[in-house]
Amino acid sequence: MEQLPVFLNLRGWPCLVVGAGQVGAGKAELLAAAGGRVRVVAPEACASAAELARDGLVELRRGRFEESDLEGARLVIAATDDRDLNRWIVELAEARGILANSASDARSGHFSMPAIVDRSPVLAAVATGGASPSLARYVRARLETLIPRSFGRLAELARDARPEVNARLPRISDRRAFWDRVFEGPIAEMAFAGRMEEARAALAAALEAEDGERDPTGEVYLVGAGPGDPDLLTFRAMRLMQQADVVVHDRLVSPGVLALVRRDAEKIYAGKRRDEHAIRQPDINRLLVRLAREGRRVLRLKGGDPFVFGRGGEEIATLADERIPFQVVPGVTAAAGCAAYAGIPLTHRDHAHACTFVTGNLKNGRAALDWPAVARPGQTIVVYMGLVGLREICEGLAEHGLDPGTPAALVEQGTTERQRVIEGTLATLADRVDGAGVEPPTLVIVGDVVRLRGKLDWFRTDAAGGGGGGGPPRRAHATLAHTGSGAERGRDFGSESTHSAGDAGRKLSDST
Ligand code: SAH
């Protein structure tokens, strides 16, 4: 080990930063944030350094560095763009016993400045001994994704409870086990979600139960899994997927996403088919309650966003009635995911000032849409579950006033490596889709914005080549990890949530 990592308590220390470019300004700001009394010396100051001075966070002396600047300083950072000058400043400082650092050379001076992840009071610092500051930044970025923004709250909770925990659990091994359970479980999640009172109460109850039974109630995480590409998961979704004891997932959750769930978690498939319900909705609601009552951390994983055509509201209403703690994690909804990956902006200054999400689900064989509201020009219409009723929907929109030439696109298995986009107009799309052997899930986007795809289409898959888009592949991109066999894939992912692939296929060929 070439350097010893320490965390310096420099509250009130006179500190000197020589140089007021971006680097100097950054260092000065950090020193000030840690409570140092910072003086910056430089002939010229960049905008951020000038701002720090204006805000009274640092004192700025405009002028060249002079030896006398070191007087009284306990810590100095040489951050000019002149390496020799930096080295000289460090030498002078060392001779006077002042802690010194050169921004241009981590090996000269007493200390180097690490890349930091700040979740005060929790701090993580990364250093490479000057080998590669970029590598340190890279590691830091990885840590950023692992440590939630609100981590400080957990530290606060732990700090406040520590005396009580120490008193109750005299054995170190018991304490460690206790804290591990707190940090990985629902109590930590309550703190992250800002429910501090609840977290404190749950922690007190858990401590109370230490001698006897374990924490009796689990928690339900209603999590949006996004439209398919695992890269589109949120950090919070990823974390909860690592923690859950049991996962209840539906048909739309892609295999690539499911593969990221904790390996030893029990997985319960709760997909729905039209005739053959795997589990009926009221039973799913009850199942979640029962699993949580067993004290388990239940991950309810749903395709896209749980609150967009996902019946997420009903599921948590039952949990609320039963006083089971829960939280909801948004996901990228199919409209946002498919639009982005198909190069179709949902709104646009010149083409669409509103965007409407509708379901194309048929009721008694007819699409139950508020036609006059939906068929308005100047807005984008996104139809979920619109494959079976596609022809009827296109015709209905034209009958209710939209130009039959209005551009429309069907996005098949959006954001996955099987994504395909079929473009047409209200008059032509259904015919084009009929012969194309389309497999759900699919999303329909109607509106002038579809035309922008000619220019904005960027996503390419190895498998489908981008469907109706123009131009040669610009970028290969395959992100969906395959797990399981093709047959499993078809069962779990290849169907809309209320119609099986078989239904959709039959209906489509009927209408040709
Ligand atoms: N809660 C989900 C929607 C559930 S309804 C969300 O927010 O996305 C199911 C419908 O979503 C499907 O019938 C289909 O229309 C759409 N959908 C979901 N994932 C899709 C995908 N990857 N590509 C195209 N459409 C998708």
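Cut-off values and rules
- Residues numbered from 1 in each chain as written.
- Predicted model: local features only at pLDDT ≥ 70, side-chain atom pairs only at ≥ 80, totals over all residues.
- Heavy atoms only, no water.
- Helix = DSSP H or I, 4+ residues; strand = E, 2+ residues; numbered from the N terminus.
- Pairing = 2+ DSSP bridges.
- Axes fitted to C-alpha atoms, helices over the stretch in contact; angles between N-to-C directions.
- Buried < 20%, exposed > 50% of the residue type's maximum accessible area, 1.4 Å probe, protein only.
- Contact = heavy atoms within 4.5 Å.
- Expected span 1.5 Å × (residues − 1).
- Arc of directions from axis to C-beta.
- Polar contact = N/O pair within 3.5 Å; in protein donor to acceptor, adjacent residues only side chain to side chain.
- Core = buried A, V, L, I, M, F, W, Y, C linked by side-chain atoms within 4.5 Å.
- Phe/Tyr/Trp six-rings, centres within 6.5 Å; stacked < 30°, edge-to-face > 60°.

A. Looking closely at unusual backbone geometry. With an omega of 5°, the peptide bond running from Ser-120 to Pro-121 counts as cis. Mapped onto the fold, Pro-121 is located in the loop between β7 (115-119) and β8 (122-126). Here the residue pair Pro-440 and Pro-441 is connected by a cis peptide bond, since its omega of 0° sits within 30 degrees of zero. Here Phe-309, not a glycine, exhibits a phi torsion of approximately 45°, which is positive. Considering the arrangement of structural elements, one finds Phe-309 in the loop between β12 (297-302) and α12 (312-321). We note that Arg-323 has phi near 55°; this positive angle belongs to a residue other than glycine. Note on placement: Arg-323 falls in the loop between α12 and β13 (326-329).

B. Just the sheet that holds strand β1 (residues 14-18), in detail. The sheet built from six strands is open, its strands ordered β3-β2-β1-β4-β5-β6 with mixed pairing. Two strands in the sheet have a free side with no partner beyond their single neighbour: β3 (58-62) and β6 (105-109). Each neighbouring strand pair of the sheet contributes to a mean axis angle of 20°, computed without reference to strand direction.

C. Quick peek at the pairing of strand β20 (residues 442-446). β20 sits mainly inside the fold: five of its five residues count as buried. Two elements, strand β17 (residues 379-384) and β20, share four bridges in a ladder whose sense is antiparallel. Bridge pairing in β20 links Tyr-384 to Leu-443. As paired elements, strand β18 (residues 407-412) and β20 share five bridges and run antiparallel to each other. Residue pairing in the sheet places Leu-410 in a bridge with Val-444 of β20.

D. Broad picture of helix α9 (residues 235-243). Every buried residue of α9 is listed here: Ala-237, Arg-239, Leu-240, Met-241 and Gln-243. Against α6 (172-184), α7 (186-192), β9 (219-224), α10 (255-258), β12 and β13 lie the buried residues of α9.

E. Quick peek at helix α3 (residues 83-95). Taking 1.5 Å of rise per residue, 13 residues should cover 18 Å, and α3 covers 18 Å from first to last C-alpha, within 8% of that figure. Residues of α3 that are buried include every one of Asn-86, Ile-89, Val-90, Leu-92 and Ala-93, and no others. Angularly, the buried residues of α3 cover 160° about the axis, an arc narrow enough to put them on a single face. For α3, exposure combined with an orientation more than 90 degrees from the buried face picks out Arg-83, Asp-84 and Ala-95. Packed against the buried residues of α3 are β1, β4 (75-78), β5 (99-102) and β6. With a side-chain oxygen positioned 3.0 Å from the backbone nitrogen of Asp-84, the residue opening α3 is Asp-82. Phi turns positive one or two residues past the end of α3, at Gly-97, with a value near 75°.

F. Region of the structure containing the nonpolar core. Core analysis: the biggest nonpolar cluster contains 26 residues, and Ile-381, Leu-390, Leu-397, Leu-410, Leu-429, Val-433 and Val-446 have the highest contact counts within it. Looking at this core, the elements that each hand over two or more residues are α14 (371-374), β17, α15 (390-399), β18, α16 (429-434) and β20. Counting residues per element, this core draws most heavily on α15, which supplies four residues. Not counting residues up to four positions away in its chain, the partners in contact with Leu-429 are Leu-390, Ala-408, Ala-409, Leu-410, Ile-422, Glu-423, Gly-424 and Val-444.

G. Up close: the side chain of Lys-302. Position of Lys-302 among the secondary structure elements: in strand β12. One polar contact links Lys-302 to Glu-315, side chain to side chain, over a distance of 2.9 Å. Here Lys-302 is in contact with Leu-222, Val-223, Gly-224, Ala-225, Gly-226, Asp-250, Val-253, Gly-310 and Glu-315, once residues within four sequence places are set aside.

H. Inspection of the packing of aromatic side chains at higher detail. In total, this model carries nine aromatic pairs according to the counting rule given. Ring geometry for Phe-65 versus Trp-88: centroids 5.9 Å apart, planes at 85°, classification edge-to-face. With Phe-65 in the loop between β3 and β4 and Trp-88 in helix α3, this residue pair connects regions lying 23 residues apart in the sequence. We classify Trp-88 as partly exposed; its relative accessible area is 39%. Note on Phe-357 and Tyr-384: the rings are 5.8 Å apart at their centroids and 55° apart in plane angle, and the pair reads as tilted. Taken together, the residues Phe-357 in strand β14 (residues 354-359) and Tyr-384 in strand β17 connect sequence positions 27 residues apart. By relative accessible area, Phe-357 is classed as partly exposed at 33%. Exposure remark for Tyr-384: the relative accessible area of 8% places this residue in the buried category. One aromatic cluster in this structure is built from Phe-178, Trp-179 and Phe-183.

I. Inspection of the sheet that holds β20 at higher detail. Taken in spatial order, the five strands make up an open sheet running β14-β17-β20-β18-β19, and their pairing is mixed. The open sheet has two free edges, formed respectively by β14 and β19 (420-425), since each of these has just one partner strand. Taken pair by pair, the neighbouring strands of this sheet meet at an average axis angle of 20°, ignoring direction. Those strands touched by helix α13 (residues 334-342) are β14, β17, β18, β19 and β20, and its axis lies near 75° from that of β20.

J. Spatial organisation of the environment of Phe-7. Secondary-structure assignment places Phe-7 in the segment before β1. Each C-alpha atom of the pair Phe-7 and Ala-125 lies 9.2 Å from the other, and the pair is 118 residues apart in sequence.

None of the figures reported here should be taken as evidence of function without further support.
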